[in-house]
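# Residue-level structure breakdown
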Amino acid sequence: MNVLVCVKRVPGTGSTILLTDDGMDVDTRHLGFTIGPHEECAVEEAIRIAADHGGQVTVLTVGPAEAAEQLRDALSMGADHAVLVDTGPGELDPEATADALVQAVRQLQDEAGARFDLVLFGNESADAGHYQVGVRVACELGLPMVGGVKGVELDTDAGTVRWRRPVAAGVEVYESSLPAAAGVAEGLNLPRYPSMRGRLRAMKAVITTLHVDVAPSGLRKTGLRRPAEERPATVVLGSGADSAGAVVDVLEELGVA
Amino acid sequence: MSVFTIIEHDDGVVPAACLQALTIAGELAAGDTVEAVVFGPDPGLGSVLAANGVTTLHVVDHELVTDYSPEIYGESLAQLLKQAGPAGVVAAGTDRGNEIMAQAAARSRLPLATNCVAVTADPGAWTLTRARVGGLLLEDAELTASTKLVTVVPGPGDDVSASPGASGLLTQTFVPDLAADFVHSRLVERTERGSGVTLATARVVVSGGRGVGSSEGFAPLEELADLLGGAVGCSRVATSNGWRPHSDQVGQTGTKVSPELYIACGISGATQHWVGCMGAKTILAINTDPEAPMVTRATYAVTGDVHEVVPAVVAEIRRRADIRAGRRPALA
Ligand SMILES: Cc1cc2nc3c(=O)[nH]c(=O)nc-3n(C[C@H](O)[C@H](O)[C@H](O)COP(=O)(O)OP(=O)(O)OC[C@H]3O[C@@H](n4cnc5c(N)ncnc54)[C@H](O)[C@@H]3O)c2cc1C
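Residues numbered from 1 in each chain as written. Chains lettered and ligands numbered in written order. Predicted model: local features only at pLDDT ≥ 70, side-chain atom pairs only at ≥ 80, totals over all residues. Heavy atoms only, no water.

## Examining the pattern of salt bridges
- For the coordinates displayed, the defined rule picks out 35 salt bridges over all chains.
- Where arginine 29 of chain A meets aspartate 27 of chain A, a salt bridge forms, and the shortest distance between an N and an O atom there is 2.8 Å.
- On the basis of relative accessibility, which here comes to 68%, the residue arginine 29 of chain A falls in the exposed class.
- The closest approach of N and O atoms between arginine 136 of chain A and glutamate 95 of chain A, which form a salt bridge, is 3.8 Å. Here arginine 136 of chain A is found in helix α4 (residues 133-140), whereas its partner glutamate 95 of chain A is found in helix α3 (residues 94-112), with 41 residues between them in sequence.
- One salt-bridge network, held together by shared partners, links Asp25, Glu91 and Lys221 of chain A together with Arg130, Arg132 and Glu139 of chain B. (Salt bridge = Lys/Arg side-chain N within 4 Å of Asp/Glu carboxyl O. Buried < 20%, exposed > 50% of the residue type's maximum accessible area, 1.4 Å probe, protein only. Helix = DSSP H or I, 4+ residues; strand = E, 2+ residues; numbered from the N terminus.)

## Some points on the pairing of strand β9 (residues 148-152) of chain B
Residues and elements named next belong to chain B.
- Within β9, 5 of the 5 residues are buried, which leaves it mostly tucked inside the rest of the structure.
- Pairing analysis gives 5 bridges linking strand β5 (residues 88-92) to β9, with the strands arranged parallel. Looking across to β9, one finds that alanine 92 is bridged to valine 152.
- Relative to β9, strand β6 (residues 112-121) runs parallel, the two being bridged by 3 bridges. Across the sheet, the residue bridging to alanine 113 is valine 150, located in β9. (Pairing = 2+ DSSP bridges.)

## A word on the environment of valine 206 of chain B
Residue and element names in this part refer to chain B.
- Of note, valine 206 is situated in strand β13 (residues 204-208).
- The buried category is assigned to valine 206, whose relative accessible area is 0%.
- Here the alpha-carbon distance between valine 206 and arginine 109, two residues 97 residues apart in the chain, equals 45 Å.
- Valine 206 has contacts with Leu221, Leu224, Ala225, Ala231, Val232, Gly233, Ile263 and Cys265, leaving out every residue within four places of it along the chain. (Contact = heavy atoms within 4.5 Å.)

## What about helix α4 (residues 95-108) of chain B?
Residue and element names in this part refer to chain B.
- Relative to the 20 Å expected for 14 residues at 1.5 Å per residue, α4 spans 20 Å between its end C-alpha atoms, a close match to the ideal helical length.
- Taking burial as the measure, the 14 residues of α4 include 10 buried ones, the bulk of the element.
- The set of residues buried in α4 consists of Gly97, Asn98, Glu99, Ile100, Met101, Ala102, Gln103, Ala104, Ala105 and Ala106.
- Following α4 by one or two positions, arginine 109 adopts a phi angle in the positive range, close to 55 degrees. (Expected span 1.5 Å × (residues − 1).)

Below is the structure:
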């Protein structure tokens, strides 16, 4: 079971989102970065699948050179190979991102002889949230693709996989033949903390860098803005246990107690 | 040129989100026709759709179009768009709406703008605003394509039931060309959620974060939620520490809640948590830090340790209930 996981480097924004002066991007100068939470679960799931069924885990990202940091995070969790498609700073539109991923997968398959039984994505990226990159890549590669997945069950003898996903009305289970793709969601598992050994290994690991040419699509971002936020000043009800009376007064006023 | 919209329906009930998408399709059509697409046999949607300005209903009919399948629905839509060539398609930004549109966009090699909060048709392009991070950030964008695909963020509203009867709607059956071995995912099992208070629909949510400190620390929060007929929620710190299941997580990658009252216990109020609870009518923050963003954005706040405040509130509710019931309150 060789698993490919596509991850995105996203900023860990704090309590307010600051924008760059030209209003085109989130100001990330004072922010840390992380693998998107959905994708972190995808990495964890891939590592568990490879441990249970044999095979290798490859993580792939499209982004700036600094995204190597997130690839090393995935390596330190236990991924075997890491591939960076360096598209420089600045955000790509979702079609261009998908195109870059597809070209990278083809290069890995045709030139490096890689074969992937499963391709996992986060259901949507944590920053841009276009809800389509994984679907586009899967389509182009001719793979079936289910989104919102929070449970994976492999039947290697039958060559099938079952995807479990919660929906408003309950739970749905889909079955696909392998090879297959899925967009997974946080809650699929509890991602591990990397071990010290994992971190050391990741530090020394070689990251493959690929180059691709992509063109912008018909969806062009013209700017970002923050919506106006109106909240009246906070009413402080008191401090410590002594505030209980005032709190219950409010609960009764709201008709909930 | 006409604008299409997709109607997801559950046994003839049209969700509010689809009617909202239909309304926006009508605005964008600006006098041209609005045409609806349904998958599988028409459950009698004619009069509801006609009342909302739809002139033509495209019924996608094929032996493979029975249960939902992302690839089959997406491929069918892509084929219909190729044949009909509408100016655009507006669908609801639901999980399923986004999934069908992404599949159709990929197969048609067309751009797609998801989760829009505003769309206007300008000559040549559609100008739109997308919600990012649950609406905490807005992206302005331009969409240029032969057929423009957008999904719109669902707002509050009521679902509408189909009512049979004449509607004057033109119904056209569309039979997609799908090979018997068309690559797709098959729905093999569906379980309905049981009734009961869920996080998403609860009137009161008592939510805990790092300040709660442990899984045992949630016991008083559960007690309070019980007394108020509410549900327990939590921050990502609580789920990633294994104190609570992920299904309790409120936020960008958890559940978005909109209760009458949200009680945030030991939660700082990071943007990714805030987007999940900002829909609450009233927020009460309990936090040791009076400067925490959750406190400064809350309607009400108590400064203090959750381990002292929550049990005291529980005791006070019990004391008042006892008095109302004519019992002698237990001594504190
Ligand atoms: C892409 C992305 C997606 C994310 N999605 C989510 C999401 O869906 N949901 C989510 O919650 N987070 C999410 N996060 C994480 C988020 O950024 C914060 O890290 C998280 O919400 C913080 O949780 P917290 O408030 O419990 O912890 P902290 O930020 O550590 O805050 C703890 C608070 O408790 C207070 N406190 C401490 N002790 C006590 C005490 N004894 N009594 C009272 N108060 C006390 C402190 O003053 C502080 O305000 C996401 C992050 C990223 C990068």
